[in-house]
Amino acid sequence: MSTLTTLRGPARVVVRQHRSTLRVAGLLALAGAVAVIGFTLWASHVIDSFEAGSCEASGLSGPACDQRIVDFSGSMSLFQRELTWAGLVLTVLPGLVSAFVAGPLIARELESGTYRVAWTQSVTPTRWLVAKLSVPTVFLVAGVTVLSTVLAWAQTRTATDYTVDWFDAPVFGATAPVVIGYTLLGIAVGALTGLLVHRTVAATAVAVVVTGAVMAALVSLRSSLWPLRTTSGTTDGRLDVPIESWVLDVGRVTASGDRLPTDVCWRGANEAQEARCMADRDITGWFVDHHPPSHLWPLQLVETGILLVLATLALALAFRVLRRRTA
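Conventions and cut-offs
Residues numbered from 1 in each chain as written. Predicted model: local features only at pLDDT ≥ 70, side-chain atom pairs only at ≥ 80, totals over all residues. Heavy atoms only, no water. Helix = DSSP H or I, 4+ residues; strand = E, 2+ residues; numbered from the N terminus. Rg over C-alpha atoms; globule rule 2.2 N^0.38 Å. Buried < 20%, exposed > 50% of the residue type's maximum accessible area, 1.4 Å probe, protein only. Contact = heavy atoms within 4.5 Å. Lys, Arg positive; Asp, Glu negative; His and termini not counted. Charge placed at Lys NZ, Arg CZ, Asp CG, Glu CD. Patch = residues over 30% accessible without salt bridge, like charges linked within 9 Å, V, L, I, M, F, W, Y side chains within 5 Å. Areas by Shrake-Rupley, 256 points an atom, 1.4 Å probe, with all protein chains shown as cover. Salt bridge = Lys/Arg side-chain N within 4 Å of Asp/Glu carboxyl O. Axes fitted to C-alpha atoms, helices over the stretch in contact; angles between N-to-C directions. Parallel < 35°, antiparallel > 145°, perpendicular 65-115°, else oblique. Nonpolar A, V, L, I, M, F, W, Y, C, P; charged D, E, K, R; others polar. Left-handed = near helix turned anticlockwise from the far one by under 90°. Phe/Tyr/Trp six-rings, centres within 6.5 Å; stacked < 30°, edge-to-face > 60°. Lys NZ or Arg CZ within 6 Å of the ring centre and 35° of its normal. Pairing = 2+ DSSP bridges.

Take the overall build of the protein chain next. Looking only at helices and strands, the protein chain has 11 helices and four strands in total. Against the 2.2 N^0.38 benchmark of 20 Å for 327 residues, the protein chain shows a C-alpha radius of gyration of 26 Å, more extended than a compact globule. C-alpha atoms of the protein chain, sized along the principal axes, occupy 85 × 55 × 30 Å. Burial statistics for the protein chain: of 327 residues in total, 39% are counted as buried. Contacts in the protein chain between residues at least 24 apart in sequence constitute 80% of all its contacts with a sequence separation of at least 6. Charge centroids of the protein chain, computed over 25 positive and 23 negative side chains, lie 25 Å from each other.

This paragraph deals with a positive patch on the surface. Together, Arg 12, Arg 16, Arg 19 and Arg 23 line one region of the surface with positive charge. Among the secondary structure elements, those contributing two or more residues to the positive patch are α2 (9-17) and α3 (19-52). In this fold, Arg 23 is placed in helix α3.

When two helices pack together, you describe them by how their axes are tilted relative to each other and by the distance separating the axes. In the contact formed by helix α4 (residues 66-112) and helix α6 (residues 125-157), the axes pass within 11 Å of each other and the chain directions differ by 180°. For the element pair α4 / α6, the angle class is roughly antiparallel. Where α4 abuts α6, its residues Phe 79, Leu 83, Ala 86, Gly 87, Leu 90, Leu 93, Val 97, Val 101, Leu 105, Ile 106, Glu 109 and Leu 110 lie against Trp 128, Leu 129, Lys 132, Leu 133, Pro 136, Leu 140, Val 144, Leu 147, Ser 148, Leu 151, Ala 154 and Gln 155. Taken together, the residues of the contact of α4 with α6 sort by class into 19 nonpolar, three polar and two charged.

We now examine the packing of α4 against helix α9 (residues 200-221). Interaxial distance between α4 and α9 falls to 8 Å at its minimum, and their mutual angle equals 150°. Relative to α9, the element α4 is oriented roughly antiparallel. For the crossing formed where α4 meets α9, the hand is right-handed. Residues Thr 91, Pro 94, Gly 95, Ser 98, Ala 99, Ala 102, Gly 103, Pro 104, Ala 107, Arg 108 and Glu 111 of α4 touch α9, and the partners they reach there are Thr 200, Ala 203, Thr 204, Ala 207, Val 208, Thr 211 and Met 215. Classifying every residue of the contact of α4 with α9 by side-chain character gives nine nonpolar, seven polar and two charged.

Further remarks concern the pattern of salt bridges. Under the counting rule described, the total for this entry stands at four salt bridges. Glu 303 is the partner of Arg 222 in a salt bridge, and the nearest nitrogen-oxygen pair spans 2.8 Å. Placement of Arg 222 in the loop between α9 and β1 (229-234) and of Glu 303 in helix α11 (residues 296-326) is noted, with a sequence separation of 81 residues between them. Residue classification places Arg 222 among the buried positions, given a relative accessible area of 3%. For Glu 303, a relative accessible area of 0% translates into the label buried. Notably, a salt bridge pairs Asp 289 with Arg 259, separated by 2.5 Å at the nearest N-O pair.

Evaluated as defined, the whole model comprises six aromatic pairs. The ring centre of Phe 287 lies 4.0 Å from the NZ or CZ of Arg 259, which sits over that ring.

Here we come to the side chain of Ser 98. Counting through the fold element by element, Ser 98 comes out in helix α4. For Ser 98, a relative accessible area of 0% puts it in the buried group. Ignoring anything within four residues of it in the chain, the contact list for Ser 98 reads Gly 186, Val 189, Gly 190, Ala 207 and Thr 211.

Okay, the sheet that holds strand β2 (residues 246-254) next. Taken together, the four strands give an open sheet; going across it, the order is β1-β4-β2-β3, and neighbouring strands pair in antiparallel fashion. Each having just a single partner strand, β1 and β3 (259-260) make up the two edges of the open sheet.

Printed below as a string of structure tokens:
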């Protein structure tokens, strides 16, 4: 028995109306997942083959390994670019979702007046909107969860110096649960925009702009969503900053705790002048403001919480607009 035949009421109608779009989206998601898995397995094979040889990526193995190192570096750079592009696609997906919900899913019915037919078939406006949103929500949340899991697996499968960083926007934004939060936000913003604008093209454009603006704002605020960790050290000591940390600021610090830019007292090869300048300014060491890798999940959860609050507010406004329209 197909999924369509098991659905009842308006949900079944929504699937029938948009089955072509859902089918294409499902095929694209499947193709994307297969492509990432295949590319990752190929990259893993390249890494295993290179490590099994006598050459080293550092270039200390001699001229005989030069070409092999160049080929390996090129393959890993290509793999890094592919992961970045895959993450970028998943990151911008909520904007496309918002456009689809606002335009073809809701505004087109309001613009053409076909919603009146649904409301005369013993279907309340609230149930109509719930059905309109529940179907894409189920499909999209399931799809982005699978794709995010595949991408996370790919990023950890080939741990080399060429992998992307966890704090890069295409990586962080494509990681669950944040990517799920953005998807739900896109659905909610699309619903609200479609009910307010009533014109398919205009609603689509407005939804993309609003969703994109929220995404850009949260990306710019992301580093401040969780307290930074500050590591200090003397001028001749080593700073204990974990590898793969998200470094936000680096500079010099004085005995009184004042912070100065990194290039203060920089004299290049003239070490005597540099030492004299540091003594005059009473510079005692360095500081580094950073998010260690352990901050990934706190940052993810805080941003997801903000997204869920915004999505809930947008949905509440959407249902309020719908009730006023049918009052």
